[in-house]
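Here is what each chain is made of, one letter per residue.
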Amino acid sequence: MTISLIFIITLSVLLLGAVLYWELVVAEGAHLGAKAVIKMYDWTAKRYDGIKQFEPEFEAQTLGYPLSMTMVNLAYPRILDVAAGTGRLARALHAQPAFRGQLVAVDLSMDMLKAGIPTHAQPVDSLQCPAGRLPFDDNTFDVVACLEALEFMPDPLAVIEECIRVLAPGGLLLISNRRGWEAKAIVGKTWPKEALQPLLENMGLFSVDFQSWQVDYDLIWANKLRR
Ligand SMILES: C[S@@+](CC[C@H](N)C(=O)[O-])C[C@H]1O[C@@H](n2cnc3c(N)ncnc32)[C@H](O)[C@@H]1O
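The paragraphs below set out a description of the structure included in this document.

The rules we used
Residues numbered from 1 in each chain as written. Predicted model: local features only at pLDDT ≥ 70, side-chain atom pairs only at ≥ 80, totals over all residues. Heavy atoms only, no water. Helix = DSSP H or I, 4+ residues; strand = E, 2+ residues; numbered from the N terminus. Expected span 1.5 Å × (residues − 1). Bend = angle between axes of the 7 residues up to and from the residue. Buried < 20%, exposed > 50% of the residue type's maximum accessible area, 1.4 Å probe, protein only. Contact = heavy atoms within 4.5 Å. Salt bridge = Lys/Arg side-chain N within 4 Å of Asp/Glu carboxyl O. Near = heavy atom within 4 Å. Polar contact = N/O pair within 3.5 Å; in protein donor to acceptor, adjacent residues only side chain to side chain. Areas by Shrake-Rupley, 256 points an atom, 1.4 Å probe, with all protein chains shown as cover. Phe/Tyr/Trp six-rings, centres within 6.5 Å; stacked < 30°, edge-to-face > 60°. Lys NZ or Arg CZ within 6 Å of the ring centre and 35° of its normal. Pairing = 2+ DSSP bridges. Axes fitted to C-alpha atoms, helices over the stretch in contact; angles between N-to-C directions. Core = buried A, V, L, I, M, F, W, Y, C linked by side-chain atoms within 4.5 Å.

**Quick notes on helix 2 (residues 34–52)**
Logical step 1: Compared with an ideal rise of 1.5 Å per residue, which puts 19 residues at 27 Å, helix 2 spans 21 Å between its outermost C-alpha atoms and falls more than 12% short.
Logical step 2: Along helix 2, the sharpest kink reaches roughly 75°, centred on Ala45.
Logical step 3: Buried within helix 2 we find Val37, Ile38, Tyr41, Thr44, Ala45 and Tyr48.
Logical step 4: Against helix 5 (110–116) lie the buried residues of helix 2.

See the structure below:
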């Protein structure tokens with residue numbers, strides 16, 4: 001085998017490794033379609049919480065407490081968590097003594113939903129369905145959340161629109177927006193804040209507020225216009 005052939009083979013293997021790492025590890029299969037993404041989550045479901053190492057204090061500070069405060073004036077709010085995974089939002093809300101309400105968790109990975117069940121302090125209605133086609137009427141929920149998930153969806157903007165559809169007028173949308181170099185690597189599925197803010201406002205949201213959250217995400221709090 002000539003030196004140049006060895007060089008070409010080595011380079012090809014390295015390139016292939018880099019592409020696989022980018023698509024399977026960084027983008028979690030986002031460009032391979034929903035089936036590939038869900039297979040990966042089914043596969044990691046039982047290990048997911050261990051990998052994430054959620055810190056109850058941080059979850060309470062950034063999610064549970066501020067979210068429960070937005071609902072203090074509602075007698076029994078309905079909350080939908082889209083792509084809920086193992087239910088970190090339900091855990092954060094149920095840890096708030098003042099919280100009363102109905103939680104609905106949807107995810108396309110049944111294994112993720114099942115893995116979360118033993119960790120819930122109170123019942124959560126769980127349903128397997130795609131984020132882009134939610135089986136709920138328009139204007140149903142007081143809060144709709146979609147955390148750490150939009151960038152793995154076939155069409156993230158369509159999912160945001162679907163979340164807004166099922167959100168009641170005046171209700172709160174809580175989503176996360178990936179940032180940093182990894183966000184840029186998930187091509188076509190993430191937006192810089194300057195681009196996403198006007199997109200969200202054009203979808204009928206107001207008070208769109210970006211907050212720094214975790215290492216590689218912003219949290220976005222926004223309300224649906226009453227019209
Ligand atoms: C990184 S996890 C986030 C889970 C949870 N929201 C959290 O913050 O821990 C991404 C979740 O999105 C779900 N998911 C990915 N694509 C989906 C789709 N098209 N429809 C519904 N769920 C989807 C996965 O199954 C997974 O549970």
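Now, onward.
**Let's talk about the pattern of salt bridges**
Logical step 1: Scanning the model with the defined rule gives 9 salt bridges in all.
Logical step 2: For Glu148, the salt bridge identified is with Arg88, shortest N-O distance 3.2 Å. Of this pair, Glu148 sits in the loop between strand 4 (141–146) and helix 6 (156–166) while Arg88 sits in helix 4 (residues 88–94), and the two are 60 residues apart along the sequence.
Logical step 3: We classify Arg88 as buried; its relative accessible area is 7%.

**Description of the site of the ligand**
Logical step 1: Near the ligand you find 20 residues, and of these Ala83, Arg88, Asp107, Ala131 and Leu147 are the closest.
Logical step 2: Contact between the ligand and Tyr48: an oxygen atom at 3.0 Å from a side-chain N or O atom of the residue.
Logical step 3: Ala131 places a main-chain nitrogen or oxygen 2.9 Å from a nitrogen atom of the ligand.
Logical step 4: Here the ligand, which alone exposes 590 Å², has 98% of that area covered by the protein.
Logical step 5: Broken down by element, the residue count for the shell around the ligand peaks at 4 residues, all from helix 2.

**Looking at the packing of aromatic side chains**
Logical step 1: Evaluation of the coordinates by the stated rule reveals 5 aromatic pairs.
Logical step 2: Note on Tyr48 and Phe54: the rings are 6.2 Å apart at their centroids and 55° apart in plane angle, and the pair reads as tilted.
Logical step 3: Here a set of aromatic residues connected by ring pairs shows up, and it is made of Tyr41, Tyr48, Phe54 and Phe152.
Logical step 4: When the ring centre of Trp43 is taken as origin, the NZ or CZ atom of Arg47, which lies over that ring, is 5.1 Å away.

**As for the sheet that holds strand 1 (residues 78–82)**
Logical step 1: Ordered in space as 3-2-1-4-5-7-6, the 7 strands form an open sheet in which the pairing is mixed. At either end of the open sheet lies a strand with only one pairing partner, and these are strand 3 (125–128) and strand 6 (205–213). Taking the axes of each pair of neighbouring strands and ignoring which way they run, one obtains an average angle of 15° across the sheet.
Logical step 2: Note that strand 6 and strand 7 (residues 217–224) share 7 bridges and pair antiparallel. For Leu205, the partnering residue across the bridge sits in strand 7 and is Lys224.
Logical step 3: Helix 3 (residues 56–69) rests against strand 4, strand 5 (167–178), strand 6 and strand 7 of the sheet, and its axis sits at about 5° to strand 7.
Logical step 4: Helix 6 contacts strand 1, strand 4, strand 5, strand 6 and strand 7 of the sheet and is inclined by roughly 155° relative to strand 5.

**What to know about the nonpolar core**
Logical step 1: Leu63, Leu67, Ile79 and Leu174 are the most contacted members of the largest nonpolar core, which has 36 residues in total.
Logical step 2: Sorting elements by how many residues they give to this core places helix 2 first, with 5 residues.
Logical step 3: Setting aside residues up to four positions removed in sequence, Leu67 forms contacts with Leu89, Leu93, Val143, Leu172, Leu174 and Trp221.
Logical step 4: Val106, Leu134, Phe136 and Leu150 belong to the second largest nonpolar core, which has 31 residues in total.

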